[in-house]
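# Close look at the chain arrangement
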Amino acid sequence: MSLTALSISLIFVLIPFILSKTFNLGLEKDTIIAVVRSIIQLFVVGYVLKFVFESESIVYILLMVGVMIAAATQNARKKGAAIKGITWKIAVTLIFIEVLTQAILLGFQITPHTAQYIIPISGMVVGNGMVLAILFLNRFIAETAAHQDQTELILSLGGTPKQAIHRQLIAAIKASMIPTIESQKTIGLVQLPGMMSGQIIAGASPIQAVQFQLLVLFLLLTAAAVTSIMLGFLSYPTLFNKQMQLMRR
Amino acid sequence: MKSAIQFNDVYYRIDNLPILKQITGSFYEGEITTLVGPSGAGKTTLLKLCNRLLSPQSGDIYINGKDIRDWDPIELRRNVGMALQSAPMIDGSVEQNLALPLELQGKHLSEHQAKDLLKDVGLSAELLQRNSKELSGGQRQKVSIARTLVNRPQILLLDEITSSLDQVSQKEIEELIIKINRKFGVTIVWITHNLQQAVDVGTYTWVMMAGEIIEAGKSDLLRSPSNDRVKQFVKGEWG
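- Looking at an unreviewed UniProt entry, one finds chain B named Phosphate ABC transporter ATP-binding protein, with Neobacillus paridis as its source organism.

- Under an unreviewed UniProt entry, the name given to chain A is Iron export ABC transporter permease subunit FetB, and the source organism is Neobacillus paridis.
- Under the heading Subcellular location (unreviewed entry), UniProt records this for chain A: "Membrane".

### Observations concerning the overall build of chain B
- When you go through chain B residue by residue, the secondary structure sums to eight helices and ten strands.
- Counting all 239 residues of chain B, 55% fall into the buried class.
- In chain B, once contacts between residues fewer than 6 apart in sequence are set aside, the share between residues at least 24 apart is 65%.
- For chain B, the computed accessible surface area is about 10400 Å², with 44% contributed by carbon and sulfur atoms.
- Each charge class in chain B was averaged separately, 28 positive and 29 negative side chains, and the resulting centres sit 1 Å apart.

### A short note on the UniProt feature "domain: ABC transporter" (unreviewed entry) in chain B
- Those places that UniProt annotates as "domain: ABC transporter" (unreviewed entry) correspond, in this numbering, to residues 5-234 of chain B.
- Across residues 5-234 of chain B, the secondary structure splits into 35% helix and 27% strand, with the terminal C-alpha atoms separated by 26 Å.

### Digging into the sheet that holds strand β5 (residues 66-67) of chain B
Residues and elements named next belong to chain B.
- Strand order in the open sheet made by the four strands is β2-β1-β4-β5, with antiparallel pairing throughout. Edge positions in the open sheet fall to β2 (17-28) and β5, since each of these has one partner strand only.
- Packed onto the sheet, helix α1 (residues 43-50) meets β1 (3-14), β2 and β4 (58-63) and runs at close to 60° relative to β2.

### Thoughts on the domain arrangement of chain A
Residue and element names in this part refer to chain A.
- Each domain of chain A was delimited in the assignment, giving domain 1 (1-52) and domain 2 (56-239).
- Taken together, the contacts link four residues of domain 1 with seven residues of domain 2.
- The contact between domain 1 and domain 2 buries some 430 Å² in all, and 82% of this surface belongs to carbon and sulfur atoms.
- On the domain 1 side of the contact with domain 2, L49, F51 and V52 bury the most area, a combined 88% of that side's loss.
- At the surface where domain 1 touches domain 2, the tally comes to zero salt bridges.
- The class makeup of the residues in the side of domain 1 that touches domain 2 is four nonpolar, no polar and no charged.

### Regarding the UniProt feature "transmembrane region" (unreviewed entry) in chain A
Residues and elements named next belong to chain A.
- Sites flagged by UniProt as "transmembrane region" (unreviewed entry) map to residues 6-27, 34-52, 58-76, 88-111, 117-137 and 214-239.
- Taken end to end, residues 58-76 has its terminal C-alpha atoms 27 Å apart, with 100% of it in helix and 0% in strand.
- From the first C-alpha to the last, residues 88-111 spans 29 Å; its make-up is 83% helix and 0% strand.

### Focus on the pattern of salt bridges
Residue and element names in this part refer to chain B.
- Under the definition given, this model contains 16 salt bridges over all chains.
- Its salt-bridge partner being K2, residue E29 comes within 3.7 Å of it at the nearest N-O pair. A residue pair is termed long-range when its members are at least 10 positions apart, and E29 in the loop between β2 and β3 (32-36) and K2 in the segment before β1 qualify at 27 residues.
- Of the residues examined, E29 reaches a relative accessible area of 39% and is grouped as partly exposed.

### Here we look at the nonpolar core
- Of all hydrophobic cores here, the largest spans 85 residues; its most connected members are F140(A), I5(B), F7(B), F27(B), L46(B), I63(B) and L157(B).
- Element by element, the count of residues in this core is highest for helix α6 (residues 115-146) of chain A, at 14 residues.
- Beyond its immediate chain neighbours, meaning those up to four positions away, I63(B) contacts A4(B), I5(B), C50(B), I68(B), W71(B), L76(B), V80(B) and I155(B).
- Counting residues in hydrophobic clusters, the runner-up holds 33 residues, among them L98(B), A114(B), L156(B) and I161(B).

Procedures and definitions
Residues numbered from 1 in each chain as written. Chains lettered and ligands numbered in written order. Predicted model: local features only at pLDDT ≥ 70, side-chain atom pairs only at ≥ 80, totals over all residues. Heavy atoms only, no water. UniProt positions renumbered as here; feature names shortened; annotations may be inferred. Helix = DSSP H or I, 4+ residues; strand = E, 2+ residues; numbered from the N terminus. Buried < 20%, exposed > 50% of the residue type's maximum accessible area, 1.4 Å probe, protein only. Contact = heavy atoms within 4.5 Å. Areas by Shrake-Rupley, 256 points an atom, 1.4 Å probe, with all protein chains shown as cover. Lys, Arg positive; Asp, Glu negative; His and termini not counted. Charge placed at Lys NZ, Arg CZ, Asp CG, Glu CD. Pairing = 2+ DSSP bridges. Axes fitted to C-alpha atoms, helices over the stretch in contact; angles between N-to-C directions. Domains from an automatic or database assignment. Buried area = accessible area lost by both parts, 1.4 Å probe. Salt bridge = Lys/Arg side-chain N within 4 Å of Asp/Glu carboxyl O. Nonpolar A, V, L, I, M, F, W, Y, C, P; charged D, E, K, R; others polar. Core = buried A, V, L, I, M, F, W, Y, C linked by side-chain atoms within 4.5 Å.

Next up, the structure:
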């Protein structure tokens, strides 16, 4: 795409801007900020990626993945502020799913050992892991607060902390995984996934694009299951003390 | 008389707010002790200290003569059962709720045992398969008590278990608790807002206010309290 063509595409920014002004939606400033930020951020990322792809240095690849994990952790931790040590719990979980998925992909030579594959796939895995972590933490904190009496009931009957929180933990894990599973059920019918659409637009054969998209979907299923379960099992012990008491928050 | 639960100078606070101040006294073995007092007096907190759902910042608690800190929390909680005010139920049938205490130990509750438990608390065996959400307030409390009895506790803590029940259900629960006390020799500590109930059911009564025991003794003390604050409280409750 030429820069002229890209400039003309700013019409798509003008339309919501004019609509906002006409109907007094008050979104003009936010629209401009969003557009300017996305132009700057994406171009910076584009040039950084170009540099990393050309250098083919493992250090830059690791650095890029590290930045992704750090940014995702920083974003997700706000939802779990009530859980002690949530930052490192999220970071460990995201590092684990990244290592696990890349080990399978590279170990079985499903994808080439190049930055061009490692970085975008890492972005999808870590990004999806971040969303899963946010969904899980939101639900888990709400479940533990809403069912505190059930937790105390099981403790009072001589249950362990794990038994006492089991139902809330399972509910939160399931709730966080449902969007990933449900969206995959209608994929291709309701919308074409972004990665697949991008590949097709860039000239790849639709079948090859589908193959890659399927790979990503399978990866994201693993990422979803591992993120929710791992974060759940890392988080619940911090709700209790050594005397098996539910800690006041 | 032998103490089932003994408190020595027990102090409990949340942040800087004292909830219980220098509590000293005993709940006697095999007896029913009722706890009365206005909301916020620290009664529920005191019960939660007895099965270590909470721990005091200072002071000592002895359960059957053994320092509470020396008890394994799980073993302690099986010996010191607690029925909560809201009678929380897990999702599922009455049978699943009754089976919960054994399930937590990896054991199984037979249908026969479950029916016996329902009979013990005066409920029909037909309720066994009913969804716990469909129970009335009284039935729910009785199932909650039956569930607590599965562990065969030596001490039973009851937190305002009749506060939301009608008079008939209240009477039924009172009779049930007296029966459990007599049949199984269980020590009972019962928080109630109903002073008549405290006198009718209790052998001993503690009157608590603002985290302190204001008066303690035979339950008849509520009929002629010596302390002015207790007199005022009793007058307000009984009119």
